[in-house]
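# Observations on chain architecture
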Protein chains: 2
Amino acid sequence: MNEPDPTAPRRRGRDRSGAGRPKLPEQKPFRQPQMSYEPTRVLSDDHVEAIHLASLRVLSDHGIDFLEADARAMLPKDGVRIDGARVRFDPAFVMETIRTCPSQITLHSRNPGHSLQVGGRAMAFGSVASPPNFVELDGTRHAGTRDNFRDLLRLTQMFNIVHFVAGYPVEPVDLHSSIRHLETTLDMLTMTDKPIHCYSLGRQRNIDVLEMVRIARGRTQEQIDDEPSVFTIINSSSPLRLDIPMLQGIMEYSKHGQLVIITPFTLAGAMAPVTLAGALSLQNAEALAGMVFTQVVRPGAPVAYGGFTSNVDMQSGAPAFGTPEYMRTAMAGGQLARRYGVPYRSSNVCAANALDAQAAYESVFSLWGAVQGGVNFLMHGAGWMEGGLHASLAKFVLDCDLMAMVAEYLEPIVVDAETLAHEAIGEVGPGGHFFGVQHTQDRFRTAFYKPLISDWRNFESWAEAGSPTADRRARELAEAFLAEYQAPEMDSAVRAELEDFTRRRVAEGGVKTDF
Amino acid sequence: MNEPDPTAPRRRGRDRSGAGRPKLPEQKPFRQPQMSYEPTRVLSDDHVEAIHLASLRVLSDHGIDFLEADARAMLPKDGVRIDGARVRFDPAFVMETIRTCPSQITLHSRNPGHSLQVGGRAMAFGSVASPPNFVELDGTRHAGTRDNFRDLLRLTQMFNIVHFVAGYPVEPVDLHSSIRHLETTLDMLTMTDKPIHCYSLGRQRNIDVLEMVRIARGRTQEQIDDEPSVFTIINSSSPLRLDIPMLQGIMEYSKHGQLVIITPFTLAGAMAPVTLAGALSLQNAEALAGMVFTQVVRPGAPVAYGGFTSNVDMQSGAPAFGTPEYMRTAMAGGQLARRYGVPYRSSNVCAANALDAQAAYESVFSLWGAVQGGVNFLMHGAGWMEGGLHASLAKFVLDCDLMAMVAEYLEPIVVDAETLAHEAIGEVGPGGHFFGVQHTQDRFRTAFYKPLISDWRNFESWAEAGSPTADRRARELAEAFLAEYQAPEMDSAVRAELEDFTRRRVAEGGVKTDF
């Protein structure tokens, strides 16, 4: 490789002795939060059933376009009616076919300590994925580059609350798309040791990335086929269309037992009905069609249900995120996923252009919807801004703080004789205080979550310090974290094999494109 | 009155013809949100019971100080042990005594259309209350004045999502405390027509305010005693102390059937045990003691359970709000209140000094805790900043937007043949869009909540407009609303009687103070 090693620390000129460097805030260890409470049911059971039946009727009456002929050819005759690209499914066929969807999946990482449970009560939080633009710490916005991509990967690796790489945390548009998947996957597999995503943008890319994941994990193809080690997001082109690369992605990854997440992007009022029930019915129809196809390809193939119904601003048509409509559909999506016994994917999203109050309230409303909806797999957990049009390092840090607070909220209150503190309450008595008692002294260091961003100084001290707002603290922390990045370990032979594969495939031109 | 009429529009110099004035954003009508979903149970039923039993044991073993001798004298002999100021309650006495607490209360307003249901699934959202300081729209911070107080009252009246005046939305420190309750209550009753609060700061103030409320409602004292028309917040001095003015407040208002809200302010690690279970046990003990006393004063007196357990920063001792600890205790408080069948009070709070991302995420986390906790009565809903040390007009507007979004989230998704949109989905078909279809055209104007603050323009348009952040939009909206304030109607005879009473009591010196 003729370029600086990206897995080395970012600031090469800096004193690496440890002297004078800011100490990074402490983090809790890498661990998946568990949904300790009952998810919120925004729909009655009757209404879940009504949406379920409505979507079966959509698939039976209206059908869905499968644009890839090879995919249509794999569909059985019984229970499926094909007319050109249009595929209509009988309800009984849908329900019979998805019975083989697994309810729990292990998504393996090259570092076994970072393998994830997907399903049940387990939650996993991912980085942002796919914004075309990047906003620098000074606020400048431009098209994403590989350098930006790598900075976001560094944060993805460093924050224990980020459990997986959700995709390209920004599109590195300086890498030609014929070889982008190769170079980026090399970066993702070497600069992080967390599970990664592969874009389904044509069959060969799925094949290349799976091979790289196989190398990184040191497994045979046979082993990999039984151990989901990469995931792909399959977006239907709403309404009612699965396009060629998406169907090829399912064909390739379901065949090899990799995790496929079907996510219709159903914006109510634009690509979906303006009514939330109608948008959910369409979302569910498209999700069921995708789930069916994974099981046609390979019964038992790992698949998750993605909910991504939001609304648009009906004046301008602009998509909106983290709205009250989004919250309810995020929770309803969880109910539908559980109706089918499959893991549920949701997202942490906002439409804000700046790291201001709007960015925060839209993101927390999104998290409220996702978490109370019983999300298993949270996409765009850290760093998403502007409806997905730009990624931000500062937002990444802020989101990590938000997600860590959510994880803390999910820790059940410990209720026992010790924590009920009968003796300490008696010891302090009326009018006293608890700072000094042993019960406090024994616990105060770890009693509460310590936020990264929140500034709890009194107004005077805060004003004397220059009245720093949360966006400034987030930017400073992003700098501080990036300065301390260390690449995760990787066996040198494995690394060499990965690099050889990448260089060979790049030399071959990667995947031919017409531009 | 020798001063400008505060109920007149604020900007007298302005053209009142309506020409050239900015049109205010549309609002939904005044209406109480309903908790449509099951509240989140962060505690198992066993743990609710364990906290309940622990707090009974605290009241029986350690007891609580009742500092007012007249209050102690009202307690019965059976089931109560008194030792100096210390009062110990037998568990059976506590449970027997609180059986008469009503589960639903109507809080009457002088405008019957603004009377509130308190309890059950109904929610009511209030203004901020009690900050000593005020932050101007230009960011200047100073002690609160009556002018600031009136501006906050104007917003309280104008926003339909604010259902009651939670107290002084800022302390008007330019009014001497001997007459402050008189002048402020006149303002509250004339500048708004929503239910109001009375501070329990000595018996005579409770009497004065109740008389003014009686006049404003045009009722006899006998009628008022059966129609709760004002509420008071009773804060215990945690740990385990009810002071003289608070006990007098209960004696006066429970006797007259007014709404008493018992709210221990139990900061875990400071005035309460560092463990959340211990802090909740203390909160519950103090709440039960207050509830018991209301029922001793008058069986059936309206009372609500206030939960206000948060944590402190264990490094600095600074109180924190909207934390993961706060969220869980807010929900646990709701479970305890429902255990006793009484309405539940919580708060929308933050510790932020500026209207930045921190202010937003701490507030939304607070709302998440309160709303999923099944809150009935939300204090500090709009305008609270800096841990309650300052009130902000801009935050007031932002919070109104947040609360309106929460109210929208609580509207159940309508699921029926029309909303499921089977025909519209067929009409649009694969690859189409829904903008133009009749199903959308018939509904798009009212389909989604239109936020006040959120800026959904694309980045380029937003940057061209000067990159306005949410705090700027909130400030601009606060200005726009204040410019359009109109006082609610009031019968001129009632108004004259109210003013006469106020002038007379002010002339008498109000309530004697020693400063």
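Values in this document were obtained by computation on a predicted structure and should not be read as measured data.

Moving on, we get to the overall build of chain A. Broken down by element type, chain A carries 18 helices and 20 strands. In terms of overall dimensions, chain A is globule-like: its C-alpha atoms have a radius of gyration of 24 Å, near the 24 Å expected for 515 residues. Dimensions of chain A along its principal axes, counting C-alpha atoms only, are 75 × 60 × 50 Å. Here chain A holds 515 residues, and the buried ones make up 58% of them.

Turning next to the relation of the copies chain A and chain B. Take chain A, turn it by 180 degrees, move it 0.0 Å along the axis, and it overlays chain B with an RMSD of 0.0 Å. Taken together, these values place the two copies in the relation of a two-fold axis. Closest approach to the rotation axis among the C-alpha atoms of chain A is made by A:Ala357, whose C-alpha sits 2.0 Å away. An overlap of 100% is found between the interface residues of chain A and their copies at the interface of chain B, pointing to a shared contact surface.

Residues and elements named next belong to chain A. Of note, the bond from serine 238 into proline 239 is cis; its omega dihedral lies within 30 degrees of zero at 0 degrees. Considering the arrangement of structural elements, one finds proline 239 in the loop between β10 (230-234) and β11 (241-242). The phi angle at leucine 240 is positive, at roughly 60 degrees, despite the residue not being glycine. Tracing the sequence through the fold places leucine 240 in the loop between β10 and β11. Owing to 27 C-beta atoms within 10 Å, leucine 240 belongs among the buried residues under this scheme.

Further remarks concern the nonpolar core. Ranked by size, the top nonpolar core spans 327 residues in total, and within it A:Val397 and B:Val397 carry the most contacts. If near-sequence neighbours (up to four positions away) are discounted, B:Val397 is found in contact with B:Leu452, B:Ala474, B:Leu477, B:Ala478 and B:Phe481.

All names here are of chain A. Spatially, β2-β3-β1-β11 is the arrangement adopted by the 4 strands of the open sheet, whose pairing is mixed. The two strands at the open ends of the sheet, each matched to only one other strand, are β2 (80-83) and β11. Of the pairings in the sheet, the one linking strand β1 (residues 64-66) to β11 comprises 2 bridges and is parallel in character. Paired with aspartate 65 across the two strands is arginine 241, which belongs to β11.

Bringing helix α1 (residues 45-62) of chain A into the picture now. An α-helix turns once per 3.6 residues; consequently, residues spaced three or four apart project the same way. Here α1(A) contains 18 residues, and its C-alpha end-to-end distance of 25 Å stays within 8% of the 26 Å for a straight helix at 1.5 Å per residue. Just past α1(A), the residue A:Gly63 takes up positive phi, approximately 75 degrees.

Note: interface size is frequently given as the accessible area lost on complex formation between the parts. Counting residues at the interface gives 103 residues for chain A, matched by 104 residues for chain B. Of the residues forming the side of chain A that touches chain B, the biggest block, 9 residues, is contributed by helix α11 (residues 357-372) of chain A. Looking at side-chain class alone, the side of chain A that touches chain B contains 60 nonpolar, 27 polar and 16 charged residues.

For the rest of this paragraph, the subject is the confidence of the model for chain A. Residue and element names in this part refer to chain A. Summarising the model, chain A shows a mean pLDDT of 95, and 96% of its residues fall at 70 or more. Segment residues 12-18: pLDDT under 50, and 3 contacts once partners within four positions in sequence are set aside and those in other chains are kept. The complex prediction reports pTM at 0.97, with the ipTM value standing at 0.96.

All names here are of chain A. With respect to the helices and strands, histidine 390 occurs in strand β20 (residues 390-392). Classification of histidine 390 by C-beta neighbours within 10 Å gives buried; the count is 23. Residues within four places of histidine 390 in sequence aside, it is in contact with Pro131, Asn133, Phe134, Val135, Arg141 and Met385.

All names here are of chain A. The strand order across the open sheet formed by 3 strands is β13-β15-β16, and the pairing between neighbours is mixed. Edge positions in the open sheet fall to β13 (267-268) and β16 (319-320), since each of these has one partner strand only. The pairing of β13 with strand β15 (residues 310-312) spans 2 bridges and is classified as parallel. Counterpart to leucine 267 in the pairing with β15 is serine 310.

Taking 1.5 Å per residue as the helical rise, helix α9 (residues 276-297) of chain B with its 22 residues ought to reach 32 Å, and the 32 Å between its terminal C-alpha atoms agrees with that figure. Counting buried positions along α9(B) yields 20 of 22 residues, so the element is predominantly enclosed.

Below, the discussion takes up the pairing of strand β18 (residues 377-382) of chain A. Residues and elements named next belong to chain A. Burial analysis of β18 places 6 of its 6 residues in the buried class, the great majority of the element. Where strand β6 (residues 124-127) meets β18, 3 bridges bridge the pair, whose relative direction is parallel. Opposite alanine 124, over in β18, you have phenylalanine 377 as the bridge partner. Bridge count between strand β17 (residues 344-347) and β18: 3 bridges; the pairing is parallel. Bridging from a neighbouring strand, serine 346 pairs with leucine 378 of β18.

Each value, and the rule that gives it
- Residues numbered from 1 in each chain as written.
- Chains lettered and ligands numbered in written order.
- Predicted model: local features only at pLDDT ≥ 70, side-chain atom pairs only at ≥ 80, totals over all residues.
- Helix = DSSP H or I, 4+ residues; strand = E, 2+ residues; numbered from the N terminus.
- Rg over C-alpha atoms; globule rule 2.2 N^0.38 Å.
- Buried ≥ 20, exposed ≤ 12 C-beta atoms within 10 Å, placed from the backbone.
- Least-squares fit on C-alpha atoms with pLDDT ≥ 70 in both.
- Contact = placed C-beta atoms within 7 Å.
- Core = buried A, V, L, I, M, F, W, Y, C linked by C-beta atoms within 7 Å.
- Pairing = 2+ DSSP bridges.
- Expected span 1.5 Å × (residues − 1).
- Nonpolar A, V, L, I, M, F, W, Y, C, P; charged D, E, K, R; others polar.
- pLDDT = per-residue confidence, 0-100.

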